[in-house]
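# Understanding the architecture of this molecule
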Amino acid sequence: MYETEGKELFRQYGIKIPQGYTCSSPDQILSCLNNLEMPIMIKAQVLAGGRGKAGGVVTAMTTDEAVAEARKIFNIQVKGLPVRSVLLEEMVREIKGEVYIAITVDPKRGVPSILVSAQGGVDIENVQPSLIATWTLSPFIGVQDYAVRGVSHFLGLDTNLEGKLREIIVSLWNLYLEKDCDLVEINPLLITETGEMVAADAKVILNDDAVFRHHEFENLSGRDLTRQEKTAKLSGINLVQLDGDVAVVANGAGLTMATLDLLELNGLHGGLFVDLGGTDDPGQVATAIKLAISSSFGARPKALLVSVFGGITRCDTVAEGVIKAVGTEGSAIPIMVRLRGVNEDRAKEMLNSARIQFDRNLESAILRLKQEMVP
Amino acid sequence: MKELLLRKNTPVIVQGITGHQGRIHTAAMKQFGTNVVAGVSPGKEGRLTDGTPVLETVHECVQRFGAEASVIFVPAPHALDAALEALEAGIRTLVMVTEHVPPLDTIRIAQYARSMGATLIGPNSPGLAIPGEVKLGIMPNSIFMSGPIGVVSRSGTLTYEVVQSLTDAGIGQALCIGIGGDAVTGTNMVEALMLCEDRADVKGIVLIGEIGGAAEEMAAEYIQDKMTMPVVSFVAGMTAPAGKRMGHAGAIISRGTGLAENKVKRLSEAGVDVATRISVIPKLISTAIKSSR
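The rules behind each value
- Residues numbered from 1 in each chain as written.
- Chains lettered and ligands numbered in written order.
- Predicted model: local features only at pLDDT ≥ 70, side-chain atom pairs only at ≥ 80, totals over all residues.
- Pairing = 2+ DSSP bridges.
- Helix = DSSP H or I, 4+ residues; strand = E, 2+ residues; numbered from the N terminus.
- Axes fitted to C-alpha atoms, helices over the stretch in contact; angles between N-to-C directions.
- Contact = placed C-beta atoms within 7 Å.
- Nonpolar A, V, L, I, M, F, W, Y, C, P; charged D, E, K, R; others polar.
- Domains from an automatic or database assignment.
- Parallel < 35°, antiparallel > 145°, perpendicular 65-115°, else oblique.
- pLDDT = per-residue confidence, 0-100.

### Looking at the sheet that holds strand β17 (residues 335-341) of chain A
All names here are of chain A. Pairing in this open sheet of six strands is mixed, and the strands run β13-β15-β14-β16-β17-β18 from one edge to the other. Either end of the sheet is taken by a strand with one partner, and the two such strands are β13 (238-241) and β18 (357-359). This sheet shows a mean twist of 20° between the axes of neighbouring strands, independent of strand direction. Bridging between strand β16 (residues 303-310) and β17 involves seven bridges; their strand directions are parallel. Pairing of Phe 309 across the sheet is with Arg 340, part of β17.

### Considering the sheet that holds strand β1 (residues 12-15) of chain B
Residue and element names in this part refer to chain B. With respect to topology, seven strands assemble into an open sheet ordered β3-β4-β2-β1-β5-β6-β7, the strand pairing being mixed. Looking at which strands have only one partner, the edges of the open sheet turn out to be β3 (46-47) and β7 (119-121). Contacts from helix α2 (residues 58-65) reach β1, β2 (36-40), β4 (53-55) and β5 (69-72), with the element oriented near 155° to β2.

### Quick word on the interface of chain A and chain B
The interface is formed by 41 residues belonging to chain A together with 49 residues belonging to chain B. The element that contributes the greatest number of residues to the side of chain A that touches chain B is helix α7 (residues 253-265) of chain A, accounting for eleven residues. Residues that form the side of chain A that touches chain B fall into these classes: 21 nonpolar, ten polar and ten charged.

### Observations concerning the domain arrangement of chain A
Often the size quoted for an interface is simply the accessible area lost on bringing the parts together. Along its sequence, chain A is organised into domain 1 (19-90), domain 2 (95-217) and domain 3 (227-372). For domain 2 of chain A and domain 3 of chain A, the distance between their C-alpha centres works out to 44 Å.

### Observations concerning the packing of helix α3 (residues 76-88) of chain B against helix α4 (residues 103-116) of chain B
The relative placement of two packed helices comes down to the angle between their axes together with the axis-to-axis distance. Residues and elements named next belong to chain B. In contact at an axis separation of 10 Å, α3 and α4 are set at 5° when each is read in the N-to-C sense. Taken together, the axes of α3 and α4 are roughly parallel relative to one another. On α4, the residues touching Ala 79, Leu 80, Ala 83, Leu 84 and Leu 87 of α3 are Asp 105, Arg 108, Ile 109, Tyr 112, Ala 113 and Met 116. In terms of residue class, the contact of α3 with α4 is built from nine nonpolar, no polar and two charged.

### Re the confidence of the model for chain B
In the predicted model, chain B carries a mean pLDDT of 94, and the fraction of residues at 70 or more is 98%. Interface confidence for the predicted complex, expressed as ipTM, amounts to 0.93; the pTM equals 0.93.

### So, the packing of helix α7 (residues 215-226) of chain B against helix α8 (residues 260-269) of chain B
Residue and element names in this part refer to chain B. Remark: α7 packs on α8, axes separated minimally by 8 Å, with the N-to-C direction vectors making an angle of 5°. As judged from the angle between their axes, α7 and α8 are roughly parallel. Within the contact between the two elements, α7 uses Glu 216, Glu 217 and Ala 220 and α8 uses Lys 263, Arg 266, Leu 267 and Glu 269. Counted by class, the contact of α7 with α8 contains two nonpolar, no polar and five charged residues.

### Focus on the environment of B:Asn9
Tracing the chain through its elements places B:Asn9 in the segment before β1. Along the primary structure B:Asn9 and B:His248 are separated by 239 residues, whereas in three dimensions their C-alpha atoms are 33 Å apart.

### What to know about the domain arrangement of chain B
Residues and elements named next belong to chain B. Here the domain parsing of chain B yields domain 1 (12-121) and domain 2 (139-292). Spacing between the C-alpha centres of domain 1 and domain 2 amounts to 26 Å. Counting residues at the interface gives twelve residues for domain 1, matched by eight residues for domain 2. Within the residue set of the side of domain 1 that touches domain 2, elements represented by two or more residues are α1 (20-32), α4 and β7. Looking at the side of domain 1 that touches domain 2, its residues break down into nine nonpolar, three polar and no charged.

See the structure below:
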């Protein structure tokens, strides 16, 4: 989610944000500036951290400067990403301090936690762990006073700011919980001389699996996907583009990763990885194979390795899907189908009669495939 | 402290039994020897073709059949409801096969399970199996044989691959637990190791990890500090790039954490033999057990 979208959610949840406007094209710059007081910040909207260092965030003292800088930002790439919209935002004045506040799941404890640091405004990955404090938050218990006191004390805030801090933490927590976020982060949260707290940046990461109950986010999910990725998503297939040239179609994330590792150990490099998931539909298997090898989806692998352990997804289903996808005319690239498990013998017969290479052992399948690949 | 309240004849129910996967795996579990007494599928009361009763609520299953464990196949949008219903009705062993459960729902279920003294395995779990006795979940029946190995894994098919390689080498298993591939799981890797240690018939453990999170690092700490039983490990994703979610919700290298390299390093420091390829696992574990005697 872009910063401006995160900020809109902040606003809805009562977290103060700087006065600002988002331009989706350069000709909107002037009209946006009419309603803003100088100086302003000009922020490229891209889905990447470290925008400041990459030249995506600049300040402007005058309107002329703002117009020129904003136009410039529309024409650059930030961290390799095109800039499709730019946020123009008033600078917050009389800043007394900047802090970091986020809520996310603590992977060790398996519960949501609030993370805070007095080192606001810098990349949290570069902050020493001893300068970050955490309090767990239970969905059944929510934000209690001790957590607010603890955060305030750790940050060394004035006690009369505790009320404001509580509002921020409760708002952030409600947003995190109600919208099913993986992460809500304010970095930095600005504290002004007058005791205002303003979110200068917003990072909100929604959880993909919870989209079913958030129709308001439906159009956000998958908007940055390629045609290949979209087709995969619609078919319930997991697809990850890697750098190598051997396409891998496997079932289950662990086995897929283990297959890619084994390719590498044998001097081959996994290109695209397609995780079938659990299926008993040969059509689904055929779609996966086509996604992996068909140039109409932009795939140009030098070889295809199918690596399946048959359980829910039976070996004969996979064999049928492979035959369906490759067809009777054969394939331009070497294909090796490695199947083990439920209905393995039947799958072997089917593949043999279709003249498609089969092996039941993963290591020898990879070695055989390597031999068939033209260097 | 978790305890696996599972015997050969524990009365088991299947929630979501009338769905496609529910039906298939109910039959497979029965074939394995699991005492599936009933299923739940709201609005579809009746019987499966094999005679298994399908009831409206988990409460009825507990009252009429003394159900103690449940396997959940209910789709993600209804998984929270199904799991809480089971826990409230008194189910004390819960296996969630359902994938794509929103993490906040998993956290609610896991916390409620803990407060009830119940054991939750999953979600996104292939289940657990005690060969020769009972299986809850979707692991293929054909891969197992009884023996002295405990298997703990975050994966599904990779677990089958490893178990099959053990069985092929004539090394049987006493307990296999697939904790699930999500970032948050009801039973974590350390707790799964403890469940294996609890069993007198487990003589050695195969731990199958993957990139993402800190489960393997925590397991390494536990193995180093508390365990005497030999552990052999395999970590998938050595070549996985940072920032890409590799199929499992929990399998992502982010902010410099979750690297397979680091997991292997920590496990090795803890005295675990880490296999670089699956095919050497049977040899490593049998050697480890022999030398620990």
